[in-house]
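Architecture at a glance
What follows is the residue order along each chain.
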Amino acid sequence: MRHTLPIAPQFYVTAPQPCPYLDGRMERKLFTALQGDGVEQLNNSLSQQGFRRSQNVLYRPSCSECSACLSARIDVAAFTASRSQKRTLKRNADLERRATSPWATEDQYSLFRDYLDSRHADGGMADMDVFEYAALIEETPIRSRVVEYNDRETNALTAVSLTDVLEDGLSMVYSFYRPNLPQRSLGTFMILDHIEIAREAGLPYVYLGYWVPGSAKMGYKAKFTGLEVYHGGSWQVMSDPSAFEDTAHPLSTDPIAEQVANIHLPETRKPYR
């Protein structure tokens, strides 16, 4: 018997689990598989609607209690570095950028483990072994790059970003760095460098993942000028973080069926029902 893939993507919802950003909340995700023909177009279209990629899956928070997780991106043309961000660029001028194909290495995994053990020891990725890490990096059906930052003098691997190249920008899928160098602000530096990469390539946006009002872990993203968040079905300029505090209200989220009905697919650009 010959099996064929469904013509339209099928959407599913994960089981609730503790939210990693807001205490006392439960997290749930809406997701679909990246498979078959047209994966690039599907990834581009859903990324523009607040979805993120993890290996061959696209997902978006769809929690029953709130809608606080807002997809964030930087409008490259509207970005201007602050004095603090300029100092961060200067502090890291000794790092050399190398963009390669999505291929996992032992040096990357060693840095990845140091980062997790120091920053996210109790997170969902804390137990990832070298094979799972390789899958994180290499299992991508779309155009992806591993962007490494090495010390020019010692060649020591200092920071890494798994980055997707979209039709309208760069998506920083996952980033990690040496945790014992807080004075370098390496997370901020990688975002600043990706803004420069996007500018050089003529791409208008840098996608950062999710920004969560009230979460200290995500507060740094609000410090970038030109930040936009996907809220209420459109991208909105994030000029005042407090304006989005209502997203944590239990009645702020739409029913799953309505969310899926309002997803636009690249084939027709009409709501999928």
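Located above this text is the structure these notes cover.
Treat the numbers as computed from the prediction; the structure is a model and nothing was measured.

Description of empty space enclosed by the protein
- Evaluation of the coordinates by the stated rule reveals one cavity of 30 Å³ or more.
- Of the pockets and cavities examined, the largest cavity occupies roughly 50 Å³.
- Every residue lining the largest cavity is listed: Asn43, Ser47, Phe51, Arg52, Arg53, Asp164, Ser171, Val173 and Tyr207.
- Sorting the residues of the lining of the largest cavity by element identifies helix 1 (39-47), strand 5 (52-54) and strand 11 (169-177) as the ones contributing at least two each.
- The residue inventory of the lining of the largest cavity, partitioned by class, reads three nonpolar, three polar and three charged.

A word on the environment of Ser82
- Among the secondary structure elements, Ser82 is positioned in the loop between strand 7 (70-75) and helix 2 (83-91).
- A relative accessible area of 31% places Ser82 in the partly exposed class.
- Sequence separation between Ser82 and Ser242 is 160 residues; the distance between their C-alpha atoms is 21 Å.

Some details on the state of the cysteines
- This structure, assessed with the given rule, holds zero disulfides.
- Of all cysteine sulfurs, the one in Cys63 lies closest to Cys66, which takes part in no disulfide; the gap is 5.4 Å.

Focus: the environment of Lys29
- Relative to the assigned elements, Lys29 resides in strand 4 (residues 29-33).
- Sequence separation between Lys29 and Leu162 is 133 residues, and the spatial gap between their C-alpha atoms is 21 Å.
- At 3.0 Å, the side chain of Lys29 forms a polar contact with the side chain of Glu27.

Comments concerning the pattern of salt bridges
- Inspection of the entire model under this criterion finds nine salt bridges.
- Between Lys29 and Glu27 there is a salt bridge; the shortest N-O distance is 3.0 Å.
- We classify Glu27 as buried; its relative accessible area is 11%.
- Between Arg73 and Asp168 there is a salt bridge whose closest N-O contact spans 3.9 Å. Pair noted here: Arg73 is in strand 7 and Asp168 is in the loop between strand 10 (157-166) and strand 11, with a separation of 95 residues, a long-range link. Residue Arg73 shares its accessibility class with Asp168, and that shared class is buried.
- Each member of the salt-bridge network shares a partner with another, and the members are Arg73, Asp168 and Glu228.

Considering the side chain of Thr88
- Looking at where Thr88 falls in the secondary structure, it is placed in helix 2.
- In this structure Thr88 comes out as buried when scored by relative accessible area, which is 2%.
- Apart from the residues within four sequence positions on either side, Thr88 is in contact with Arg184, Ser185, Thr188, Phe189 and Leu192.

Observations regarding the sheet that holds strand 10
- Spatial ordering of the open sheet is given by 8-9-10-11-12-7-13-14, a layout of eight strands whose pairing is mixed. Since the sheet does not close on itself, it has two edges, and those belong to strand 8 (95-100) and strand 14 (234-237), each with one partner. Averaged over all adjacent pairs, the angle separating strand axes in this sheet is 30°, with direction ignored.
- Pairing analysis gives six bridges linking strand 7 to strand 12 (residues 205-211), with the strands arranged antiparallel. Within the sheet, the bridge partner assigned to Arg73 lies in strand 12 and is Tyr207.
- Against the sheet, helix 1 makes contact with strand 10, strand 12 and strand 14, and its axis sits at roughly 100° relative to strand 10, the strand it touches most.

Analysis parameters
- Residues numbered from 1 in each chain as written.
- Predicted model: local features only at pLDDT ≥ 70, side-chain atom pairs only at ≥ 80, totals over all residues.
- Heavy atoms only, no water.
- 1 Å grid on protein atoms, 1.4 Å probe; cavity = no way out; pocket = protein on both sides within 12 Å on 5 of 7 lines; lining within 4 Å.
- Points joined across faces, edges and corners; volume = space filled by probe spheres on them.
- Helix = DSSP H or I, 4+ residues; strand = E, 2+ residues; numbered from the N terminus.
- Nonpolar A, V, L, I, M, F, W, Y, C, P; charged D, E, K, R; others polar.
- Buried < 20%, exposed > 50% of the residue type's maximum accessible area, 1.4 Å probe, protein only.
- Disulfide = S-S within 2.5 Å.
- Polar contact = N/O pair within 3.5 Å; in protein donor to acceptor, adjacent residues only side chain to side chain.
- Salt bridge = Lys/Arg side-chain N within 4 Å of Asp/Glu carboxyl O.
- Contact = heavy atoms within 4.5 Å.
- Pairing = 2+ DSSP bridges.
- Axes fitted to C-alpha atoms, helices over the stretch in contact; angles between N-to-C directions.

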